[in-house]
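Residues per chain, in single letters:
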Amino acid sequence: MAFWLELAQGLILPLRRRYFRYFILAQGFSLLGRWVHTTAQRWLLYELTGSSAYLGLLGALGSFPVLLFALPAGVLADRLPKKKILVAAQLLAAASAFFLFLLTFLGLVRPWHILLLAFLMGTGVALEFPVRNAFIYDLVGKEDLVSALSLHSLAFNLSRFLGPALAGWFMAALGLSFCFLFNSLSYLPVASAVILISLPENRRPSRGNLLSALHEGLGYAARKKSLQGILLLVALVSLGLFPYAVLLPALTRELYHGGAREFSIFMTANGLGALIGALFAGTLGRRLPLQRVIFSSALLLPGAVYLLASWGNFFLGAGLLSLVGFLMVNIIMNGNARVQTLCEDEMRGRVLGLFSWSFFGLFPAGSLLAGAVAEKVGVAGALKILALISGSLILLLIWRFWDEA
């Protein structure tokens with residue numbers, strides 16, 4: 001009974017806020033479309049090129065806009081109407097997915113089309129992430145923030161679990177192109193929900209230009225040691241461990257001797273682990289110190305990735321991917337909650353911009369590195385090397401910042 005009470009308190013209470021209900025339902029549908037798109041996009045590119053380096057480039061270009069725009073987007077979240085930015089980001093992503101649908105459906109798609117449209121969609125993500133998280137704060141307030149983020153993480157990881165399976169059905173029954181059409185349509189409910197939500201804009205007067213605002217945010221984070229530890233840890237995970245995701249199609253074929261069906265099952269297993277991780281974070285994990293949960297998960301993650309690249313047994317691989325998903329969500333979701341609880345309201349957008357930059361923004365460098373190493377030593381060898389290096393650096397970082405947990 002205690003577990004169900006925890007579940008209700010952690011995941012159900014934010015739904016008593018009407019506008020948050022609208023937003024989270026629409027966002028859940030959009031996230032499902034995004035994971036359908038991601039699964040099909042990776043497989044399509046690998047089918048066209050057969051190259052691990054191309055997969056690394058896809059991950060890089062999809063996240064490179066975050067490197068460019070995440071910090072300015074954080075400033076915008078503190079200064080401009082969030083609703084307008086969110087709607088613009090949804091429409092940009094919808095247009096990108098629709099063009100990929102047309103090109104694939106007509107048989108005209110080429111690798112460069114996929115890469116270019118991934119960059120455009122990544123631009124939408126760069127604008128959306130810090131603004132969306134600050135918008136959630138406006139919807140629920142500080143009291144329910146951690147619970148709301150847990151519920152959003154649950155929606156994200158439920159879609160991560162269901163999306164690859166739905167993508168597999170689309171690919172088998174209707175054709176791969178319809179994965180992209182589904183994603184394009186899935187952004188429209190979010191844009192509609194944001195337009196219908198009526199909230200006062202609690203923007204503060206602008207002080208100085210964009211560069212001075214960025215400098216102010218960076219200085220603020222540099223002065224708070226607890227923020228430094230989380231941001232550096234997330235950056236390490238993004239550079240050295242998260243690229244397993246973009247290399248998974250190649251790993252499925254080269255080490256596990258699978259095809260599109262096995263790849264979609266692997267993606268589903270990864271999403272299932274992340275879903276369980278979100279449930280844990282929103283229920284039992286709420287009783288644990290956030291930073292210690294984050295550090296403990298980061299210590300286990302390199303070993304899980306190393307073992308994933310070591311065994312060719314399909315069922316063991318699926319189990320390891322579930323574990324990786326569980327650990328990843330406890331690092332990222334709890335890291336998000338932790339940095340928001342550590343910062344003042346007037347710095348929320350800029351701190352979230354830094355968090356987004358540390359995770360999504362550095363992912364391009366990690367993807368390119370992983371793809372290049374995989375071309376030289378194979379996908380399994382590349383993941384092992386990155387896991388060993390990342391694990392060593394994470395151990396040093398945690399030793400340095402453990403007192404802040």
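Rules behind the numbers
Residues numbered from 1 in each chain as written. Predicted model: local features only at pLDDT ≥ 70, side-chain atom pairs only at ≥ 80, totals over all residues. Heavy atoms only, no water. Helix = DSSP H or I, 4+ residues; strand = E, 2+ residues; numbered from the N terminus. Buried < 20%, exposed > 50% of the residue type's maximum accessible area, 1.4 Å probe, protein only. Contact = heavy atoms within 4.5 Å. Axes fitted to C-alpha atoms, helices over the stretch in contact; angles between N-to-C directions. Left-handed = near helix turned anticlockwise from the far one by under 90°. Nonpolar A, V, L, I, M, F, W, Y, C, P; charged D, E, K, R; others polar. Phe/Tyr/Trp six-rings, centres within 6.5 Å; stacked < 30°, edge-to-face > 60°. Core = buried A, V, L, I, M, F, W, Y, C linked by side-chain atoms within 4.5 Å. Patch = residues over 30% accessible without salt bridge, like charges linked within 9 Å, V, L, I, M, F, W, Y side chains within 5 Å. Areas by Shrake-Rupley, 256 points an atom, 1.4 Å probe, with all protein chains shown as cover. Salt bridge = Lys/Arg side-chain N within 4 Å of Asp/Glu carboxyl O. Parallel < 35°, antiparallel > 145°, perpendicular 65-115°, else oblique. Expected span 1.5 Å × (residues − 1). Polar contact = N/O pair within 3.5 Å; in protein donor to acceptor, adjacent residues only side chain to side chain.

**Q** Lay out the overall build of the protein in plain terms, naming residues and giving numbers.
**A** Helix and strand counts for the protein come out as 16 helices and zero strands. Looking at the protein as a whole, 58% of its 405 residues qualify as buried. Pairs at least 24 residues apart make up 87% of the contacts formed inside the protein by residues separated by at least 6 positions.

**Q** So what's going on with the environment of Ala193? Which residues, and what values?
**A** Along the chain, Ala193 turns up in helix H7 (residues 177-196). Residues Ala193 and Phe23, 170 residues apart in the sequence, show an inter-C-alpha distance of 5.9 Å.

**Q** Break down the packing of helix H2 (residues 18-49) against helix H3 (residues 52-79) for me, with residues and values.
**A** Following both chains from N to C, one finds H2 and H3 inclined at 145°, their axes separated by 9 Å at the closest point. Taken as a pair, H2 and H3 cross one another with a handedness that is right-handed. Residues Gln41, Arg42, Leu45, Tyr46 and Thr49 of H2 lie in contact with H3, whose contacting residues are Ser52, Tyr54, Leu55 and Leu58. A per-class count over the contact of H2 with H3 returns five nonpolar, three polar and one charged.

**Q** Break down the packing of aromatic side chains for me, citing the residues and quoting the values.
**A** Evaluation of the coordinates by the stated rule reveals 15 aromatic pairs. Aromatic pair Phe29 and Phe182: ring centres 5.5 Å apart, planes at 75°, arrangement edge-to-face. Pair noted here: Phe29 is in helix H2 and Phe182 is in helix H7, with a separation of 153 residues, a long-range link. Pairing Trp43 with Tyr46 gives two aromatic rings, centres 6.3 Å apart and planes at 50°, and the pair type is tilted. Taken together, the residues span about one helical turn, with Trp43 and Tyr46 both in helix H2 at a distance of three residues. The class for Trp43 is buried, based on a relative accessible area of 6%. Exposure remark for Tyr46: the relative accessible area of 4% places this residue in the buried category.

**Q** Can you lay out the nonpolar core for me, pointing to particular residues and giving the numbers?
**A** When a protein is soluble and globular, its nonpolar side chains tend to lie buried together. Core analysis: the biggest nonpolar cluster contains 67 residues, and Tyr244, Leu251, Leu301, Leu383 and Ile394 have the highest contact counts within it. With sequence-adjacent residues up to four places away left out, Ile394 is seen in contact with Leu233, Leu236, Val237, Leu241, Ala298, Leu299 and Pro302. Ile85, Leu139, Leu151 and Ala278 belong to the second largest nonpolar core, which has 33 residues in total.

**Q** Give me the lowdown on the side chain of Ser184, citing residues and values where you can.
**A** By the element assignment, Ser184 lies in helix H7. What makes Ser184 buried here is its relative accessible area of 7%. Ser184 has contacts with Ala94, Ala97 and Phe98, leaving out every residue within four places of it along the chain.

**Q** So what's going on with a nonpolar patch on the surface? Residues and values would help.
**A** Taken together, the side chains of Phe98, Phe99, Leu102, Phe105, Leu106 and Leu108 present a nonpolar region at the surface, about 580 Å² in accessible area. On the basis of relative accessibility, which here comes to 36%, the residue Phe98 falls in the partly exposed class.

**Q** Provide a residue-level description of the packing of H3 against helix H15 (residues 363-377), including the pertinent values.
**A** One can describe the packing of H3 onto H15 by two numbers: an axis separation of 7 Å at closest approach and a directional angle of 175°. In terms of orientation, H3 and H15 fall into the roughly antiparallel class. Facing Ser52, Ala53, Gly56, Leu57, Gly59, Ala60, Ser63 and Phe64 of H3, the residues of H15 in contact are Phe363, Pro364, Ser367, Leu368, Gly371, Ala374 and Glu375. In terms of residue class, the contact of H3 with H15 is built from eight nonpolar, six polar and one charged.

**Q** Can you lay out helix H13 (residues 314-342) for me, pointing to particular residues and giving the numbers?
**A** The end-to-end C-alpha distance of H13 is 42 Å, a good match for the 42 Å that 29 residues give at a rise of 1.5 Å each. Counting buried residues along H13, 22 of its 29 residues qualify, which places the element largely inside the surrounding structure. A side-chain oxygen of the first residue of H13 lies 3.1 Å from the backbone nitrogen of Phe315; this N-cap is Asn313.

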